[in-house]
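Below are the chains, spelled out letter by letter.
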Amino acid sequence: MFQPRSIAIIGASKKPGKIGHDILKNLIDYGYSGRIYPVNPNIDEIYGLKSYPSILSIPDEVDVAIIAIPAEKVLSVAEECGIKGVKILVVITSGFSEVGNVDAEANLVKIAKKYGMRILGPNIFGYVYTPSKLNATFGPREVLGGNIAFITQSGALGIALMGWTIMEEIGLSSIVSLGNMSDIDMIELSEYFAEDPNTKVIAMYLEGLKPGSGKDFVERMRRVVLKKTVIVIKAGRSERGALAVASHTGSLAGSDMLYDVAFKQAGVIRAYGIEELFDYSRAFATQPLPQGEETIIITNGGGAGVMATDAAEENGIKLLNPSDSLREAFRKTMPWFGSSKNPIDLTGQAVVENYVEALEIAYESPEVKNIILLYCRTSVLDPLELAKAIVDVKNRYRDVSKPILVSMIGGIDVKEASKYLNRNNIPTYPIPERAVKSLAKLIEYYRFLKKHKLESLTRVA
Ligand code: COA
């Protein structure tokens, strides 16, 4: 599915704006280098590619067939795909179990089983795998490469988030639309991504599991979590939200408390909104795992430091009480009215050199395990200059395994500086709380791994 040698698009159309057209166009334009076979009995060629009247007339093996024709025609075409020896059916078409057409979906699964095919969908917008330059969706084209695999049970929201990740410069290894999950589900995909060298973080929008698969979810996801971080938004938390889920993908939203327990047992990190999902994903995608809990906050604004301190306390982050010698070292980086207690307050008159020195001390001190760096826009310190200096220090200490998360607060030029930091793999947020919460999740995962890896070691002993 992710590295196919050939893809057929059944329902490829010459008409822009039709789904079969747009998927084909995305495949071609995004740069997929395998063989592409449009299938449509009414046309001879499209974008210089020969079109075939049916999948059976393609004189080559087909690994993946993308189906974008109306529901009533899907079963007979699936049968043909089976005869052809297709391995994966990607069924874009809606009109199956999500609208009560349960029998048609069961028959689709039956046909696939008969021929040993796997099904993604139906009722999906497709999938992307950036290492193969494969964009088989009717969503935005220019998905940025990276190491976050995004699995979504929602279609339109998933497409919207594709665009959002482009705007926010979030790099992805993959996007997979799950739809009705007649066959391939989020657990199996996560297991694939757990082994995928191009994926570091699995981010998921989840509405519900297949009925009866809760135990399976916990056991198998726990094994995934020992290899890759999994971050999940579980929608349908409220009573009315759960009803909306039932009529959307037909999944069981279930009791939110049960999901919460299942996520905790599996070591899955829960996000409570889209912003959190990608905030955490960005942190996990770019930062090393913590080697301990003690965290230092470096700031030029007392208020920002206090906000970050509150957020740290609320989110279970242990703020370091620096030793006298460490405080002495920090004291040399600030004017006499600064503070060398944690938060390290370099004061509003801080310039690049103050930040650089404080950061170097934090990187070098074995007392400090994690760094939160805050910056409030002041006229004495240009944000981009500071951003460049932070990247420079980070690169000099690239062998030191210490997470650093930044918050830059201010106007337009602060946004540019934040982009610069993000592009250089330093997760940067517009408010301190988002940086702190993201670090809290890194620490939560560190605790989970520590507990479970140690447990399994004891068992072996
Ligand atoms: N083999 C190959 N091509 C076929 C075919 C067959 N058996 N039967 C029809 N076609 C062609 C049609 O002639 C048409 O091509 P044309 O534009 O050149 O005429 C093309 O396939 C598409 O068929 P059409 O009948 O025009 O369907 P459509 O494009 O209006 O709708 C779907 C097809 C799949 C898009 C639609 O049924 C659907 O399910 N839409 C919802 C998809 C969705 O939202 N998914 C979930 C996203 S989250």
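Residues numbered from 1 in each chain as written. Predicted model: local features only at pLDDT ≥ 70, side-chain atom pairs only at ≥ 80, totals over all residues. Heavy atoms only, no water.

1. What to know about the site of the ligand
- Neighbouring residues of the ligand: 23 residues in total, closest Ser 13, Lys 18, Asn 40, Asn 42 and Ser 94.
- At 2.8 Å, a backbone N or O of Ser 94 approaches an oxygen atom of the ligand.
- Here a nitrogen atom of the ligand sits 3.4 Å away from a polar atom, N or O, in the main chain of Ile 124.
- Coverage of the ligand by the protein chains reaches 74% of its 960 Å² of free accessible surface. (Near = heavy atom within 4 Å. Polar contact = N/O pair within 3.5 Å; in protein donor to acceptor, adjacent residues only side chain to side chain. Areas by Shrake-Rupley, 256 points an atom, 1.4 Å probe, with all protein chains shown as cover.)

2. Details of the sheet that holds strand 2 (residues 35-39)
- Across the sheet, which stays open at both edges, the 5 strands sit in the order 2-1-5-6-7 with parallel pairing between neighbours. Since the sheet does not close on itself, it has two edges, and those belong to strand 2 and strand 7 (118-120), each with one partner. If you compare each strand with its neighbour and ignore which way they point, the axes differ by 20° on average.
- Across 4 bridges, strand 1 (residues 6-10) lies against strand 5 (residues 64-67) in parallel orientation. Counted as the bridge partner of Ile 9 is Ile 66 from strand 5. (Pairing = 2+ DSSP bridges. Helix = DSSP H or I, 4+ residues; strand = E, 2+ residues; numbered from the N terminus. Axes fitted to C-alpha atoms, helices over the stretch in contact; angles between N-to-C directions.)

3. Description of the domain arrangement of the chain
- Domain annotation for the chain reports domain 1 (1-123), domain 2 (143-286) and domain 3 (289-447).
- Inter-centroid distance (C-alpha atoms) of domain 2 to domain 3 is 30 Å.
- Both sides together, the interface formed by domain 2 and domain 3 hides about 1,400 Å², and carbon and sulfur atoms give 54% of it.
- If you look at where domain 2 meets domain 3, you find 4 salt bridges.
- In this structure, the salt-bridge partner of Arg 434 is Glu 275, at a minimum N-O distance of 3.3 Å.
- Summed over the shared surface of domain 2 and domain 3, the result is 6 residue pairs in polar contact (both at pLDDT 80 or more).
- Sorting the residues of the side of domain 2 that touches domain 3 by element identifies strand 14 (269-271) and helix 9 (274-286) as the ones contributing at least two each.
- Here the element with the most residues in the side of domain 2 that touches domain 3 is helix 9; it accounts for 8 residues.
- Along the lines of polarity and charge, the residues of the side of domain 2 that touches domain 3 split into 6 nonpolar, 2 polar and 8 charged. (Domains from an automatic or database assignment. Buried area = accessible area lost by both parts, 1.4 Å probe. Salt bridge = Lys/Arg side-chain N within 4 Å of Asp/Glu carboxyl O. Nonpolar A, V, L, I, M, F, W, Y, C, P; charged D, E, K, R; others polar.)

4. Topic: the pairing of strand 12 (residues 201-206)
- In terms of burial, strand 12 is largely enclosed, as 6 of its 6 residues are buried.
- Of the two faces of strand 12, the one holding Val 201, Ala 203 and Tyr 205 and the one holding Ile 202, Met 204 and Leu 206 are both buried throughout.
- With 5 bridges connecting them, strand 10 (residues 145-152) and strand 12 associate as parallel partners. In the strand pairing of strand 12, Thr 152 is matched with Tyr 205.
- Across 6 bridges, the pairing between strand 12 and strand 13 (residues 229-234) is parallel. If you follow Leu 206 over to strand 13, its bridge partner there is Lys 234. (Buried < 20%, exposed > 50% of the residue type's maximum accessible area, 1.4 Å probe, protein only.)

5. Quick look at the UniProt feature "domain: CoA-binding" (unreviewed entry) in the chain
- UniProt feature "domain: CoA-binding" (unreviewed entry): in the numbering of this structure it lies at residues 1-96.
- For the annotated span residues 1-96, helix accounts for 27% and strand for 23% of the residues, and the straight-line distance between the end C-alpha atoms is 22 Å. (UniProt positions renumbered as here; feature names shortened; annotations may be inferred.)

6. Regarding the side chain of Thr 199
- Mapping Thr 199 onto the fold places it in the loop between helix 5 (186-195) and strand 12.
- The exposure class assigned to Thr 199 is buried, which follows from its relative accessible area of 3%.
- Those residues within four positions of Thr 199 in sequence are excluded, and the remaining contacts are Asn 147, Ala 149, Ser 173, Phe 193 and Lys 228. (Contact = heavy atoms within 4.5 Å.)

7. A short note on the environment of Ile 83
- Topologically, Ile 83 is positioned in helix 2 (residues 71-84).
- The exposure class assigned to Ile 83 is exposed, which follows from its relative accessible area of 54%.
- Setting aside its immediate chain neighbours within four residues, Ile 83 contacts Leu 56 and Tyr 115.

8. Structural notes on helix 14 (residues 412-423)
- Spanning 12 residues, helix 14 covers 17 Å between terminal C-alpha atoms, matching the ideal 16 Å at 1.5 Å per step.
- Every buried residue of helix 14 is accounted for by Val 414, Ala 417, Ser 418, Leu 421 and Asn 422. Looking down the long axis of helix 14, one finds its buried residues gathered within 140° of arc, a one-sided arrangement. Exposed side of helix 14, more than 90 degrees from the buried face: Ile 412, Lys 415 and Arg 423 are the residues found there.
- Buried residues along helix 14 sit in contact with helix 9, strand 17 (370-376), helix 13 (383-396), strand 18 (404-409) and strand 19 (428-429).
- Positive backbone phi, approximately 65°, marks Asn 425, located one or two places after helix 14. (Expected span 1.5 Å × (residues − 1). Arc of directions from axis to C-beta.)

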